Amino acid sequence: MAEDEAAEVPPEPVPSLTEQELQTRLGIFEEIFKGYEALEVKQKSMAERREKEAPPPPNEDGEGQEPPEVTPNIALAYSELNFQVVADLVDLVKDKCGPMYPGQGVFLDFGSGCGKLCLAAALLHPFQKVIGVEALQSLNDIEAQVQAKYAEVELPDGMVKPEISFVKGDFVSEFDGILEPIAPEATFAIAVATTFGDPEMQAVAKLAQKMPQGASLFLVTQKLEESLVVDVNRNPRQRRSVATKKALAKRGVEPTGIEIELEPAENDPNGWRLKDTVPLELEWGTTNCYLYKKYSYPYCDAHDICMATPLEAEDQTVVPAFYMSPTTVVYLDDLAEREVEVSKTAPFCEESRKKAVSIYEQKVTAAKTKAGERNSEAVAEALAHVRAENETFAQDGNLNYKLEEASDTAKLLEALISANGLPASEAKVAQFMGAQWLNACGQVDAETTGKIPEAQLPGVWGKVKTGFAQYIEGRLTELKEFGVAKPEDAVAKPEELQEYV
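Here goes a summary of the coordinates provided. For clarity, every value in this text was computed on a predicted model and none was experimentally measured.

1. Considering the overall build of the chain
So, point 1. Looking only at helices and strands, the chain features 14 helices and 13 strands.
So, point 2. The buried share of the chain, taken over its 501 residues, is 45%.
So, point 3. Across the chain, the fraction of contacts at a sequence separation of at least 24, relative to all contacts at a separation of at least 6, is 69%.
So, point 4. Accessible surface computed for the chain: about 26,600 Å², of which carbon and sulfur atoms make up 49%.

2. Some details on the side chain of K275
So, point 1. With respect to the element layout, K275 can be found in strand β6 (residues 270-282).
So, point 2. Given the relative accessible area of 19%, K275 is considered buried.
So, point 3. Those residues within four positions of K275 in sequence are excluded, and the remaining contacts are K96, C97, L291, Y292, K293, Y295 and D301.

3. Comments concerning unusual backbone geometry
So, point 1. In this model, Y297 is joined to P298 through a cis peptide bond whose omega is 10°.
So, point 2. Within the secondary structure, P298 is located in the loop between β7 (285-296) and β8 (305-310).
So, point 3. Non-glycine residue T221 carries a positive phi angle of around 80°.
So, point 4. Relative to the helices and strands, T221 is located in the loop between β5 (216-220) and α9 (236-248).
So, point 5. Even without being a glycine, Y299 presents a positive backbone phi close to 65°.
So, point 6. Relative to the helices and strands, Y299 resides in the loop between β7 and β8.

4. Some points on the packing of aromatic side chains
So, point 1. Using the criterion set out here, one finds eleven aromatic pairs in the structure.
So, point 2. A ring pair is formed by F107 and F188, whose centres lie 5.2 Å apart and whose planes are at 50°; its orientation type is tilted. Of this pair, F107 sits in strand β1 (residues 106-110) while F188 sits in strand β4 (residues 186-192); the two residues are 81 residues apart in sequence, bridging distant segments of the chain. Across the pair, F188 and F107 agree in class, each one buried.
So, point 3. One aromatic cluster is present, formed by F107, F127, F188 and F218 through successive ring pairs.
So, point 4. Over the face of the ring belonging to Y295 we find R273, whose NZ or CZ atom lies 4.8 Å from the ring centre.

5. A closer look at the pattern of salt bridges
So, point 1. Counted according to the given criterion, the structure contains 18 salt bridges.
So, point 2. Between K363 and D333 there is a salt bridge, with its nearest N and O atoms 2.0 Å apart. Taken together, the positions of K363 in helix α10 (residues 350-371) and D333 in the loop between β10 (328-331) and β11 (340-346) put the pair 30 residues apart, joining distant regions of the chain.
So, point 3. Overall, the relative accessible area of 34% leaves K363 in the partly exposed class.
So, point 4. Here E337 ties to K428 by a salt bridge, and the two come within 2.9 Å at their closest N and O atoms. Of this pair, E337 sits in the loop between β10 and β11 while K428 sits in helix α13 (residues 427-444), and the two are 91 residues apart along the sequence.
So, point 5. Looking at E337, the relative accessible area reads 37%, which means it is partly exposed.
So, point 6. When its relative accessible area of 43% is taken as the criterion, K428 is described as partly exposed.

6. Some remarks on helix α2 (residues 19-32)
So, point 1. Look at α2: 20 Å from first C-alpha to last across 14 residues, which is about the 20 Å you get at 1.5 Å a residue.
So, point 2. Buried within α2 are the following residues: L22, R25, I28, F29 and I32. The buried residues of α2 all sit within an arc of 125° when viewed along its axis, so they share a single face. Opposite the packed face of α2, turned more than 90 degrees from it, sit the exposed residues E19 and Q20.

7. Here we look at the sheet that holds β10
So, point 1. Read around the barrel, four strands follow the order β8-β9-β10-β11 and close on themselves; strand pairing throughout is antiparallel. Across the sheet, the mean angle separating the axes of adjacent strands is 70° when strand polarity is ignored.
So, point 2. Alignment of β10 against β11, held across two bridges, turns out to be antiparallel. Within β11, the residue paired with T328 across the bridge is E341.

8. Considering the pairing of β11
So, point 1. Direction of pairing for β8 relative to β11: antiparallel, over a ladder of four bridges. Residue P310 lies in a different strand from β11, and its bridge partner there is V342.

9. Section: the pairing of strand β3 (residues 163-168)
So, point 1. Where strand β2 (residues 129-134) meets β3, six bridges bridge the pair, whose relative direction is parallel. Note that in β3 the partner of E134 across the bridge is K168.
So, point 2. Tracing the backbone out of β2, into helix α6 (residues 137-152) and back to the parallel element β3 gives a crossover that is right-handed.

10. Some details on the nonpolar core
So, point 1. Core analysis: the biggest nonpolar cluster contains 49 residues, and F33, L81, F107, L119, L123, F188 and F218 have the highest contact counts within it.
So, point 2. With sequence-adjacent residues up to four places away left out, F218 is seen in contact with L89, L92, V93, F188, A189, I190, A191, C289, Y290 and L291.
So, point 3. One finds L335, V357, A382 and L412 within the second-largest nonpolar core, a separate group that totals 43 residues.

11. Notes on the sheet that holds β1
So, point 1. Taken in spatial order, the seven strands make up an open sheet running β3-β2-β1-β4-β5-β7-β6, and their pairing is mixed. On the outer flanks of this sheet lie β3 and β6, each paired with one strand and no other. The mean inter-strand angle of the sheet, taken between neighbouring strand axes irrespective of direction, is 15°.
So, point 2. Contacts from helix α5 (residues 116-124) reach β1, β2, β3 and β4, with the element oriented near 165° to β1.

12. What to know about the packing of helix α7 (residues 175-182) against helix α8 (residues 198-210)
So, point 1. Where α7 meets α8, the closest approach of the two axes is 9 Å, and the angle between their N-to-C directions is 35°. Both α7 and α8 take part in a crossing whose hand is right-handed. Of α8, the residues touching α7 (which contributes F175, D176, L179 and E180) are A203, K206, L207 and K210.
So, point 2. In terms of residue class, the contact of α7 with α8 is made up of four nonpolar, no polar and four charged.

13. Considering the state of the cysteines
As used here, a disulfide is simply a covalent bond connecting the sulfur atoms of two cysteines.
So, point 1. Under the definition given, this model contains zero disulfides.
So, point 2. This cysteine, C114, is not joined by any disulfide, and C118 carries the nearest cysteine sulfur, 9.9 Å off.
So, point 3. Note on C114: relative accessible area 1%, which makes it buried.
So, point 4. Note on C306: no disulfide assigned, nearest cysteine sulfur contributed by C300 at a separation of 5.3 Å.

Conventions adopted
Counting starts from 1 at the beginning of each chain's written sequence and moves along it residue by residue. Local features in this predicted model are restricted to residues of pLDDT 70 or higher, and side-chain atom pairs are both shown and tallied only at a pLDDT of 80 or more, whereas totals for entire chains, interfaces and linings draw on every residue. In computing side-chain properties, one takes all heavy atoms of the structure into account and sets aside hydrogens as well as water. For the purposes of this entry, the term helix denotes a DSSP run of H or I that reaches at least four residues, the term strand denotes a run of E that reaches at least two, and both are numbered from the N terminus. Relative accessibility under 20% of the residue-type maximum defines a buried residue, over 50% an exposed one, and the middle range a partly exposed one, all with a 1.4 Å probe and only protein chains included. Note on contacts: a residue pair qualifies if any of its non-hydrogen atoms lie within 4.5 Å across the two residues. Only the protein chains shown count as cover for residues, and all accessible areas are computed by the Shrake-Rupley method using a 1.4 Å probe. In this analysis, rings of Phe, Tyr and Trp, with Trp reduced to its six-membered ring, are considered paired at centre separations within 6.5 Å, and the interplanar angle assigns stacked below 30 degrees, edge-to-face beyond 60, and tilted for intermediate values. Throughout this description, the term charge over a ring refers to an Arg CZ or Lys NZ atom that lies within 6 Å of the ring centre and within 35 degrees of the ring normal. What counts as a salt bridge is simple: a side-chain nitrogen of Lys or Arg found within 4 Å of a carboxyl oxygen of Asp or Glu. Expected helix span is given by 1.5 Å per residue-to-residue step, counting one fewer step than there are residues. Working definition: the arc comes from the directions between the helix axis and the C-beta atoms, pointing outward to the latter. DSSP-based pairing: two strands are paired if at least 2 bridges between them are found. Axis definition: a line fitted to C-alpha atoms, over the contacting stretch in the case of helices. Angles run 0 to 180 degrees between N-to-C directions. When the strands point away from the viewer and the connection leading from the first strand across the helix to the second strand turns clockwise, the crossover is called right-handed. To qualify as a nonpolar core, a set must consist of buried Ala, Val, Leu, Ile, Met, Phe, Trp, Tyr and Cys residues joined through side-chain atoms within 4.5 Å. Crossings are classed by handedness, with left-handed meaning an anticlockwise turn of the near helix from the far one by less than a right angle and right-handed meaning a clockwise turn. Gly counts as polar in this scheme, as do all residues outside two lists: the nonpolar Ala, Val, Leu, Ile, Met, Phe, Trp, Tyr, Cys and Pro, and the charged Asp, Glu, Lys and Arg. When the sulfur atoms of two cysteines come within 2.5 Å, that pair is taken as a disulfide.

Next comes the structure, spelled out in structure tokens:
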């Protein structure tokens, strides 16, 4: 039984490396790649590409003619990311796409060059496997030499050596044989797509469609095909037009007193969200690296804001909540942060924002109003509740407000919280309101005696409720700001790269 319980303990996420660990791994990386300078590798790449594009030798009739100038295929141009950049990208995935675990996940680099990116990935994180795909034989030869060196190198104690596999082939023309079998296992893929043309980007799109849910994808310079990227606000005018016609069944007339419910935007049910845009310094200038993560509907991470339909809602009312799973949420206005089951969750789109802001503005108004109501009555009722058990409580007219020192004061606060309609037994409610209570009492107790006059309780309780109203207002600010910021794009111009490729 004990063995079964031990087997169920989930693995610990792999943390970011320390500076010392990074330097150790960088030393190993540089030792393996000693003698493979970037310029030399680039020249090998260019020579082979020129040879591939060279025209056939002239026939007898054309003897003596000058052959046309050969322009190598720019899509196969050699480029590399340095070790520190790869380390930063791995940390970015951990931060933006969730934790990474030891021995899990397949790293894939398509267009792997001489294997530098693959080796960096293997040294930076204990992946299950690292795979590189490269079309050029000259670079594949270097990869084989690097792989042999990697197999022989001794790593420091505690450092895992993931398996590295290099595949020679054209991921465009040989997609079905090379990438299709790998794609369902590829949880972390990267492509330096700066010089990719349409065929290469179509192959990227095919790979993205077949990668598993939760996978991360980095693209340098170019973005993922638009149809694969989740946009919950796509085509708002067309969707509103359709919804209006549906509500009225009459074209060209705006409904009065009828709420227009827009249909969800069309998105791939297993789509990618752009999680971050990172500027990168390459040898020819600055470009962007785009980080995507793959989701299923409703395209949420835990604690993202979503719209939830309560189980008991007869009219299918939707309310804002923090997404926890496809069937559970924490309602945005629940101070206790209880995870509850719901009948449905939906993405938080612009229409959801408008509805949620309207709901919360009403709640903020009500909370502010309530903060000024029934203070004296609520305090009197709470005091009576406590004194029913302890007649001598605050008999001298002064109250010890330190909760950890006086159990009856804790009972008083619990009664006051209940008078405000909040679940006093919930630990997070008690913690939040307790902090508000101590702060409000401290403002009255200028001499820090630890006590306040009983006559001051209505004013103190009013400040506590005002703090609660401010909490609700803070959640309203979250609603207004969630998802508004858009990363800026920078588009590299391939013609600027010609002299470098």
